[in-house]
Amino acid sequence: LRLACHRMPNRQQPFESSFAMRDGPLMIKYVIRSNWQNPQFAFLSACHTTVCDEESPDESIHLAPAMQFSGFRSVIGSMWSVDDKIVQEVVSAFYENMVDDSGRLDCTRAAMALQKAVKR
């Protein structure tokens, strides 16, 4: 799963923080309640998807962990603002490195693929 969108935090109700989608917000509470069928990997191409409220830095409910709580084995998010053009280049390089020798995406290669993509 790849989400390329904006993050919408809700500091008063963290479970209502969301991804800004074309047809409305996709809230954390709905992501966690979803019945994903063996979810392997999520790439969150949105600014600050691994960042929580500065006033409560120990709060673990934000977008990236929500994906893991809902069953995704591997999740990549961002701790900072991201430039759309640079993200596009990183994502392209990332997926090139995620492909195994048989031509299939191998989610166990995510960490190595991201490292190679960022160093590029």
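Thresholds applied
- Residues numbered from 1 in each chain as written.
- Predicted model: local features only at pLDDT ≥ 70, side-chain atom pairs only at ≥ 80, totals over all residues.
- Heavy atoms only, no water.
- 1 Å grid on protein atoms, 1.4 Å probe; cavity = no way out; pocket = protein on both sides within 12 Å on 5 of 7 lines; lining within 4 Å.
- Points joined across faces, edges and corners; volume = space filled by probe spheres on them.
- Helix = DSSP H or I, 4+ residues; strand = E, 2+ residues; numbered from the N terminus.
- Nonpolar A, V, L, I, M, F, W, Y, C, P; charged D, E, K, R; others polar.
- Pairing = 2+ DSSP bridges.

Visitor: Could you clarify how one ought to interpret the layout of surface pockets in this entry?
Guide: Computed from the structure, the largest pocket encloses a volume of approximately 320 Å³. What lines the largest pocket is a set of 19 residues, among which Gly77, Ser78, Trp80, Val82 and Val90 lie closest to the centre. Mapped by element, the contributors of at least two residues to the lining of the largest pocket are strand S5 (41–45), helix H3 (84–98) and helix H4 (110–119). Counting residues per element, the lining of the largest pocket draws most heavily on H3, at four residues. Among the residues making up the lining of the largest pocket, the classes are represented as 13 nonpolar, five polar and one charged. Roughly 220 Å³ of internal volume is contained in the second largest pocket. In terms of lining, the second largest pocket is formed by twelve residues, of which the most central are Arg2, Ala4, Ser45, Asp84 and Val87. Mapped by element, the contributors of at least two residues to the lining of the second largest pocket are strand S1 (2–4) and H3. Broken down by element, the lining of the second largest pocket gets its largest block of residues, four residues, from H3. Across the lining of the second largest pocket, the residue classes tally to seven nonpolar, three polar and two charged.

Visitor: In this structure, what is going on with the pairing of strand S3 (residues 18–21)? I would like to understand it.
Guide: The side chains of a regular strand alternate, residue by residue, between the two faces of the sheet. Two strands pair when backbone bridges link them, and strand S2 (residues 6–8) and S3 are joined in this way by three bridges, in the antiparallel orientation. Looking across to S3, one finds that Met8 is bridged to Ser18. As consecutive antiparallel partners, S3 and strand S4 (residues 24–27) are separated by two residues.

Fair warning: the whole summary comes from geometry, so function is off the table for now.
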